[in-house]
Amino acid sequence: MRWVTDDAGRRWSVERVGRTSGMIPTKKDKRVFPEPSDIIRFECPSDETEPAREITVRAGLVEQLAESELKALLNVAPRAP
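Quick look at the structure, then. Since this is a predicted model, take the numbers as computed values, not measurements.

Notes on the environment of Ser68
Okay, so step 1: For Ser68, the position within the fold is in helix α1 (residues 67-76).
Okay, so step 2: With relative accessibility at 54%, the residue Ser68 sits in the exposed group.
Okay, so step 3: On a C-alpha basis, the gap between Ser68 and Val4 in space is 8.7 Å, while along the polypeptide they are 64 residues apart.

What follows is the structure in structure tokens.
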């Protein structure tokens, strides 16, 4: 698990919670086989009114992302179901 602080000073945990199979293509291009993606969940224990958020990234990428990249993903991640 990793941690990131947003622009408002809230601390978010960043954790891979799953992986897609990559079997369902996101584009209609038959020449490209879809790759699996990691499902990343952001949770904010410092502000419990903030809902968890989830987003997918290329498999294995979360460990390599810089804090600024994690912040950018947090900013666009939709609320978790």
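Description of the side chain of Asp6
Okay, so step 1: Position of Asp6 relative to the elements: it lies in the loop between β1 (2-5) and β2 (11-19).
Okay, so step 2: Accessibility expressed as a relative area gives 9% for Asp6, which makes it buried.
Okay, so step 3: Beyond its immediate sequence surroundings of up to four residues, Asp6 is in contact with Trp12 and Leu74.

Structural notes on the pattern of salt bridges
Okay, so step 1: As enumerated under the stated definition, the model contains eight salt bridges in all.
Okay, so step 2: When the shortest N-O distance is used, the salt bridge between Arg10 and Asp47 registers 4.0 Å. Remark: Asp47 occurs in the loop between β3 (37-43) and β4 (53-58) and Arg10 occurs in the loop between β1 and β2; sequence separation between them is 37 residues.
Okay, so step 3: The partly exposed category is assigned to Arg10, whose relative accessible area is 24%.
Okay, so step 4: Owing to a relative accessible area of 22%, Asp47 belongs among the partly exposed residues under this scheme.
Okay, so step 5: Here Glu50 ties to Arg10 by a salt bridge, and the two come within 3.1 Å at their closest N and O atoms. With Glu50 in the loop between β3 and β4 and Arg10 in the loop between β1 and β2, the pair connects residues that are 40 residues apart, well separated along the chain.

Side note on α1
Okay, so step 1: Among the residues of α1, those classed as buried are Leu70, Leu73 and Leu74. Buried positions in α1, seen along its axis, are confined to an arc of 100° and lie on one side of it. Across α1 from its buried face, at more than 90 degrees, point the exposed residues Ser68, Asn75 and Val76.

Calculation notes
Residues numbered from 1 in each chain as written. Predicted model: local features only at pLDDT ≥ 70, side-chain atom pairs only at ≥ 80, totals over all residues. Heavy atoms only, no water. Helix = DSSP H or I, 4+ residues; strand = E, 2+ residues; numbered from the N terminus. Buried < 20%, exposed > 50% of the residue type's maximum accessible area, 1.4 Å probe, protein only. Contact = heavy atoms within 4.5 Å. Salt bridge = Lys/Arg side-chain N within 4 Å of Asp/Glu carboxyl O. Arc of directions from axis to C-beta.

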